Amino acid sequence: MNKDIIEEFHYLALSDIVNGRNLAELEEAIELYEQAEEYEACAGILKAIHESGYMTIRELIKKIEDDKHTKNS
């Protein structure tokens, strides 16, 4: 599996969650990616959904910001 693709979808899904995207919509996206056999996308979205279960929105925002700084370094 390509870790860069997983992390990109993880970042995008976290951004969606922070911006109010319904988790059911993300789960629907996982189904579509599964049908297309894009398993890296599924893994990244699932990781974000899992994290949203135990992190606050504030913590998710900080994680997104930290990930941006890490990528730009």
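Source: prediction; values computed, not measured. (Residues numbered from 1 in each chain as written. Predicted model: local features only at pLDDT ≥ 70, side-chain atom pairs only at ≥ 80, totals over all residues. Heavy atoms only, no water.)

**Considering the overall build of the protein**
The helix and strand inventory of the protein stands at 4 helices and 0 strands. Going from the N terminus to the C terminus, the protein shows its helices and strands as α-α-α-α. Over its C-alpha trace the protein gives a radius of gyration of 12 Å, about what one expects of a compact globule, namely 11 Å for 73 residues. Each of the three principal axes of the protein carries a C-alpha extent, and together these read 30 × 25 × 15 Å. The proportion of buried residues among the 73 residues of the protein is 30%. At a minimum sequence separation of 6, the contacts of the protein that also span at least 24 residues come to 68%. If you sum the accessible surface of the protein, you get close to 5,100 Å²; carbon and sulfur atoms cover 50% of it. Here the protein contributes 8 positive and 17 negative side-chain charges, whose respective centroids are spaced 9 Å apart. (Helix = DSSP H or I, 4+ residues; strand = E, 2+ residues; numbered from the N terminus. Rg over C-alpha atoms; globule rule 2.2 N^0.38 Å. Buried < 20%, exposed > 50% of the residue type's maximum accessible area, 1.4 Å probe, protein only. Contact = heavy atoms within 4.5 Å. Areas by Shrake-Rupley, 256 points an atom, 1.4 Å probe, with all protein chains shown as cover. Lys, Arg positive; Asp, Glu negative; His and termini not counted. Charge placed at Lys NZ, Arg CZ, Asp CG, Glu CD.)

**Re the packing of helix H1 (residues 3-18) against helix H2 (residues 23-35)**
Remark: H1 packs on H2, axes separated minimally by 10 Å, with the N-to-C direction vectors making an angle of 155°. As summarised for this structure, H1 and H2 are arranged roughly antiparallel, according to the angle between their axes. Helix-helix and strand crossings are classified by hand; for H1 and H2 the assignment is right-handed. Touching Phe9, Ala13, Asp16 and Ile17 of H1 are Leu23, Leu26 and Tyr33, all from H2. By residue class, the composition of the contact of H1 with H2 is 6 nonpolar, no polar and 1 charged. (Axes fitted to C-alpha atoms, helices over the stretch in contact; angles between N-to-C directions. Parallel < 35°, antiparallel > 145°, perpendicular 65-115°, else oblique. Left-handed = near helix turned anticlockwise from the far one by under 90°. Nonpolar A, V, L, I, M, F, W, Y, C, P; charged D, E, K, R; others polar.)

**Points about the packing of aromatic side chains**
Under the criterion given, the structure shown has 1 aromatic pair. Aromatic pair Phe9 and Tyr33: ring centres 5.2 Å apart, planes at 75°, arrangement edge-to-face. Of the two residues, Phe9 is situated in helix H1 and Tyr33 in helix H2; the sequence distance between them amounts to 24 residues. For Tyr33, a relative accessible area of 29% translates into the label partly exposed. (Phe/Tyr/Trp six-rings, centres within 6.5 Å; stacked < 30°, edge-to-face > 60°.)

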